[in-house]
Amino acid sequence: MSYTIGALGKATDTTVETVRYYERIGLLPRPPRSAGNYRIYGTGTLGRLSFIRRARALGFSLDQVRALLGLADDRRNDCAGIDRIADEHLREVERKIADLIALRRELKAVIESCGGGTVADCRIIEALAP
């Protein structure tokens, strides 16, 4: 089965601009062209783009996606490299969660310290001021 760029984008919920970008940066191979100079994509590209979209939805960076694709392209590789990338990403996510929890705690404290009144007496504005 073959797809135009629009059909490929629609099948993967990806904009045409994003498909072109992934081609430019080498995440997707440059497709052959039709006689009318339209890009023609196969099911392999559909699968690869779906992989990229899912990895990006899970928060993997483009560099991590590139590394994962490189490892996945040779099915004989063991998955230690993939595990390392996923573990690194999980640690990154956990750090971000810890940072967000600390931020929530700080914001709650600032909000709770505000007793109302005028802006001149606002504890939130005071906490944000240099």
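Below is a short write-up of the structure. Bear in mind that the values here come from a model prediction, so they are computed numbers and not experimental data. (Residues numbered from 1 in each chain as written. Predicted model: local features only at pLDDT ≥ 70, side-chain atom pairs only at ≥ 80, totals over all residues. Heavy atoms only, no water.)

Remarks on the overall build of the protein chain
The criterion, for reference: Runs of E in the DSSP output that reach at least two residues are strands. Runs of H or I that reach at least four are helices, and both are numbered from the N terminus. Radius of gyration means the value over C-alpha atoms here, while the globule rule gives 2.2 Å times the residue count to the 0.38 power. Whether a residue is buried, partly exposed or exposed follows from its accessible area with a 1.4 Å probe, protein chains only, as a fraction of its type maximum: under 20%, in between, or over 50%, in that order. By the convention used here, residues are in contact when the closest approach between their heavy atoms is within 4.5 Å.
The secondary structure content of the protein chain amounts to six helices and two strands. Helices (α) and strands (β) of the protein chain occur, in sequence order from the N terminus, as β-α-α-β-α-α-α-α. For a compact globule of 130 residues, the expected C-alpha radius of gyration is about 14 Å, and the protein chain comes in at 23 Å, more than 25% above that figure. In terms of principal-axis extent, the alpha carbons of the protein chain reach across some 70 × 40 × 25 Å. Here the protein chain holds 130 residues, and the buried ones make up 23% of them. For the protein chain, contacts bridging at least 24 residues in sequence account for 48% of all contacts bridging at least 6.

A few points about the packing of helix 1 (residues 5-12) against helix 3 (residues 43-57)
Condition: The axes are straight lines fitted to the C-alpha atoms, using for helices just the contacting stretch, and the angles between their N-to-C directions are given from 0 to 180°. Here roughly perpendicular refers to angles of 65 to 115 degrees, roughly parallel to angles under 35, roughly antiparallel to angles over 145, and oblique to all remaining angles. Left-handed describes a crossing whose near helix is turned anticlockwise from the far helix by less than a right angle; the clockwise case is right-handed. Asp, Glu, Lys and Arg are counted as charged, while Ala, Val, Leu, Ile, Met, Phe, Trp, Tyr, Cys and Pro are counted as nonpolar; the rest, among them Gly, fall into the polar class.
Running from N to C, helix 1 and helix 3 cross one another at 45°; their axes reach a closest spacing of 10 Å. Relative to helix 3, helix 1 is oriented oblique. Once helix 1 is placed against helix 3, the crossing between them reads as right-handed. Seen from helix 1, the contacting residues are Leu8, Ala11 and Thr12; seen from helix 3, they are Thr45, Leu46, Leu49, Ser50 and Arg53. Here the residues of the contact of helix 1 with helix 3 are counted per class, giving four nonpolar, three polar and one charged.

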